[in-house]
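Observations on the three-dimensional arrangement
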Amino acid sequence: MIAFARPTIDWGALSPELVLLGGVALTLVVPLFLRGRARRGFSAAVALLSLAAAAVLAGVLATRDSASTEIVATALRRDQLAEIAQILLCGSGVLAVGVSLAERESDERVGEYYALLLSAVGGMVFFVAANNLITLFLGLEWFSISLYVLTAIAVDRLPSLEAGLKYLVVGSFGSAILLFGSALVYGATGAVRFAEIAAGRPGRPDALLVAGLAMLLVGLAFKVSAAPFHMWTPDVYQGAPTPVTAFMSAATKVAALVLTMRVLVTAFPGQADLWTVALAVIVCISLAWGNLAALVQSDVKRMLAYSSISHAGFLLMPIAAGNALGGRALLYYLVSYAAMSIGSFAVVAARERELARLVTVEDFAGFGWERPGHGLALGLFMFGFVGLPPAGLFLGKFYAFSAAIERGWTWLAIVGIVATVVSIYYYLGLVRMMYMQPPELRLVPAGGSPPRDPALAATVAAAAVVTIGSFVAAGPLIDVMRDAVAFLGFPR
Amino acid sequence: METTVLIAIPLGAALALWLVPWRSSVAAGGFALLAALADLAWWVALAGRFDFGFRDLQFDLHAVWFADLGVSYHVGLFDFSLWLTGLTALVTVAAVAYGMWAGRERPGPYFGLILFLAAATIGVFAAQDLLLFYVFWEAMMIPLYVLIGVWGGPGRIGATIRFFIYTMAGSLLMLVSIIVFGLANGTFDMTKLGTNGSAWIFLGFVAAFAVKAPIWPFHGWLPDAYREAPAEVSALLSGVISKAAAYGLLRIAIPYFPDPVADLRVPILTIAAVGLVYGSLLAFRAPDVRGVIAYSSLAQLGLIAIGLFAVNDSGLNGAVLQMVNHGLVSTALFLLAGGIERRTSTGELRLLGGLARGRPVLASILIAVGVIALAVPGSTAFAGEFLVLNGIFTRGWGWSVVGAVAIVLAAMYVLRLVSAVLHLDPGSAVPEQAYDLRPLEVSVVGSLLAVLLFLSFWPAAVTDHVFGGRPQATVTSQFQP
């Protein structure tokens, strides 16, 4: 019989996950005894409170942690990188609740909706702290399954079901590849823990290990929705209920990218020459394909989906650089990217609710003058996505390019610039439609005053504040990000 | 702190114009005009306190933005940037006043964007950190895009797209140069940067400035943007924004890259000279009023570039004087063109003519500005062009010959413009009852003309008060005191 020593568990470090799981339990059970508005209000309130509490707990942990320690035996890590990512994830969740509040889903499923949202955030919060291949896969499946169901939650809408099925099939395929890669890595090194993988069989070119690394990269690239592993993204973003898309576009990227950086830097420092080049290739493909395909989209959500593919390219660029500057760049970029992404989808959701259908770019004709607040915010996000000040994303791009240039890859920065120039056309296409469309093409929505949605308006405002705030307060933010990645031994 | 206030006044007013729901267009326009005048008054106060004998940065403010890459909010004024900020403040007052008179739709957003543009432009002239410079530089793009795209003429959509993509492509190349240059120096603070020998970095900067100016052959966006924009926005574009590009050459490209400047002087001067002659010829052939002014702007920027790349006392002095001159002249001309278009609803020269008859004020002012534009001896433009040609003469007499030819061409296109608008028989688009210049137009354009006449009497007001009196030494020492 194998002696089994129960590991000491640092419950404090697990508190964000635990709070979120508690929220899941509450939103699943209590709404059964409530009706109508009370059910809706209770679920949203619990979701909001548990997300905020988890963010605060992660923040408290972040102020206490100066080093990276292993917890729960060696399954998870407790460090600022994980905690910063957890704050970002919970923040995205809070904004997503704001977008969801007035969504017209039936009262019957509202409890489940928020439970799944909390569960997805919980999975991601767990995922970013993963310290071995098993917890990595567990976290990945935990949040992915929640997202599959969330995507298909509008069961009376065919596109939502179709998107859910597509996401399930393609996502499972990605997960399977990742799992197979993990098995190969285990076979090559006899280890699942990241640090042991790095220590095992140093210096020997090993086909098994390289194949495993490649498959891991592919599996993670599916989640990041980097081209050429992006096929599911446009359909899922378009078909999913818009609040879910808003959440997914921000939070999935945060979780998958942070973990990609962690896994590559801590488990595969010896293979850095391989994965930096592989990532650089993925960056180029994502930038090219995402931007070119976005040029021809008429559906706004599809256009934003391709834009998110191109931003996956920009976001992978600092990881490909493989230096400490890149680590900072990635985390800093994610702050404003997440806010802007949720903010844009929130405005799209507002327009959808107003017109009661999926919106095309043409549906935004005159929107800027009709809804000045939403128009101004969407304009800010679009100029920001291009990379113009005063959006924090401008400095994010600056940092990403700086990281690539410091690595000696000026050409990669120039690829990024060409992609940016192409992206001007479709981002500003939306601005043009909002403000400059000649009146004869303008669609007048069916009369009456616009639907009031204070929660959504507050979400958009908060996203705009984060977008500009991260630009103004870049100094302190970057100091935080520097400390968060300080313990990672970057290969360059 | 003083410089920051110069940026903050228009910026704060812009935010107020956007966020406060203005009841009447007069209130919004009046507020904008007051803010622009306040900025100008503040500039006058600063100019009065400015120590012209002192070559170092004045009124500066330094605050760390993010420390790890050495980026800071660092603004301040040199004596030559003081003149350019003054030009910006003055042209902004003229643009806002003219826009009020023209009664633009949605005055709150409109004037807010103009003031935001002014703040960004002043920021460009004041920034002493490469990344901050880039931030202000890009911040100029957003208001220009919206101003042309929303309030422009019928072809505005195409014009904005071309303008935006051209200039963004240029400025993103500059971003790469800024990063490479800044990382190599370990700081982005312009007062601490050393020189660099890389021609590629240099060309990245030059690309951005050449597109924005524009200098031939990067002027693809120019005719459409200048034609489709509202008159006062064209005035800002050609009067002030193009100076930001020339300023970039003067403040960054020339001082920090002495070797590439020396190596590439001949090709750059060739391009500038071709642009000077080609722009003048196109101005002579242009079918409409704005086309003449737009292409003359292309030519003038070529001339300014020639003066800058002479990199000697006379050339640099002349280039700075010519920047101020051209800023005032093209602003006045674009506003007059706007006035003519309002009266005749066309700018096409073949439909115009005979406007002088019964409209003496319009005729006098247009002729006076035109005569200064063609650099008649005794005018401030003559002083500027003379200094530029004198400066470039030492680099090779051939360049001066080209420049002198271009002055003759300038006389041809200005006189063609004047006669096609004012003289000949009344054009088919000229209504009998078209008003002479109204008092507000006279006060706006007249004050620009007054400044031009003042400079004609005393061009040394600018040339004796730049670079601490030692242009070449100042520029080649990267503006270090």
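Residues numbered from 1 in each chain as written. Chains lettered and ligands numbered in written order. Predicted model: local features only at pLDDT ≥ 70, side-chain atom pairs only at ≥ 80, totals over all residues.

1. Focus on the overall build of chain A
When you go through chain A residue by residue, the secondary structure sums to 19 helices and two strands. Scaling as 2.2 N^0.38, a compact globule of 492 residues should have a C-alpha radius of gyration of about 23 Å, and chain A matches this with 22 Å. For chain A, the C-alpha atoms occupy an extent of roughly 70 × 60 × 40 Å along the three principal directions. Within chain A, the proportion of its 492 residues that are buried is 62%. Across chain A, every contact between residues at least 6 apart in sequence was considered, and the portion connecting residues at least 24 apart equals 82%. (Helix = DSSP H or I, 4+ residues; strand = E, 2+ residues; numbered from the N terminus. Rg over C-alpha atoms; globule rule 2.2 N^0.38 Å. Buried ≥ 20, exposed ≤ 12 C-beta atoms within 10 Å, placed from the backbone. Contact = placed C-beta atoms within 7 Å.)

2. Things to note about the pairing of strand β2 (residues 71-77) of chain B
All names here are of chain B. The buried fraction of β2 is high, at six of seven residues. Alignment of strand β1 (residues 58-66) against β2, held across six bridges, turns out to be antiparallel. In the sheet register, Ala 63 faces β2, and the bridge partner there is Tyr 73. Hairpin connection from β1 to β2: four residues lie between these consecutive antiparallel strands, with Gly 70 at a positive phi of about 70 degrees. (Pairing = 2+ DSSP bridges.)

3. Let's talk about the interface of chain B and chain A
Size of an interface, as often reported, equals the accessible area lost when the parts are brought together. Contact residues are listed per partner, giving 27 residues for chain B and 23 residues for chain A. Of all the secondary structure elements, the ones that give two or more residues to the side of chain B that touches chain A are β1, α5 (130-139), α6 (141-151) and α7 (156-185) of chain B. Broken down by element, the residue count for the side of chain B that touches chain A peaks at 12 residues, all from α7 of chain B. In terms of residue class, the side of chain B that touches chain A is made up of 24 nonpolar, one polar and two charged. (Nonpolar A, V, L, I, M, F, W, Y, C, P; charged D, E, K, R; others polar.)

4. What to know about the nonpolar core
For soluble globular proteins, the rule of thumb is that nonpolar side chains tend to be buried together. The biggest cluster of nonpolar side chains holds 406 residues, and the ones touching the most others in it are Ala 255 of chain A together with Leu 115 and Ile 306 of chain B. Of all the elements, helix α13 (residues 324-355) of chain A adds the most residues to this core, at 19 residues. The contact partners of Ile 306 of chain B, leaving out residues within four places of it in the chain, are Leu 269, Ala 272, Ala 273, Leu 276, Val 388, Ile 392, Trp 399 and Gly 403 of chain B. (Core = buried A, V, L, I, M, F, W, Y, C linked by C-beta atoms within 7 Å.)

5. Considering the packing of helix α1 (residues 2-19) of chain B against helix α4 (residues 107-126) of chain B
Two quantities define a packed helix pair, namely the angle between the helix axes and the distance between the axes. Residue and element names in this part refer to chain B. For the pair α1 and α4, interaxial distance at closest approach is 8 Å and the crossing angle is 160 degrees. As summarised for this structure, α1 and α4 are arranged roughly antiparallel, according to the angle between their axes. The handedness of the crossing between α1 and α4 comes out as left-handed. Where α1 abuts α4, its residues Thr 3, Leu 6, Ile 7, Pro 10, Leu 11, Ala 13, Ala 14, Leu 17 and Trp 18 lie against Gly 108, Pro 109, Phe 111, Gly 112, Leu 115, Phe 116, Ala 118, Ala 119, Ile 122, Gly 123 and Ala 126. (Axes fitted to C-alpha atoms, helices over the stretch in contact; angles between N-to-C directions. Parallel < 35°, antiparallel > 145°, perpendicular 65-115°, else oblique. Left-handed = near helix turned anticlockwise from the far one by under 90°.)

6. Focus on helix α16 (residues 392-406) of chain A
Residue and element names in this part refer to chain A. In this model, α16 (15 residues) spans 21 Å end to end at C-alpha, consistent with the 21 Å of a helix rising 1.5 Å per residue. Counting buried positions along α16 gives 15 out of 15 residues, so the element sits mostly inside the fold. Positioned one or two residues after α16, Gly 408 has a phi angle of 95 degrees, which is positive. (Expected span 1.5 Å × (residues − 1).)

7. Some thoughts on the confidence of the model for chain B
Keep in mind that low pLDDT regions are not for reading the predicted coordinates in detail. Residue and element names in this part refer to chain B. Looking at chain B, the pLDDT average stands at 90 and 100% of residues meet or exceed 70. When pLDDT is averaged over each element of chain B, α4 comes out on top at 94 and helix α20 (residues 471-476) at the bottom at 84. Quick note on the complex model: pTM equals 0.93, ipTM equals 0.91. (pLDDT = per-residue confidence, 0-100.)

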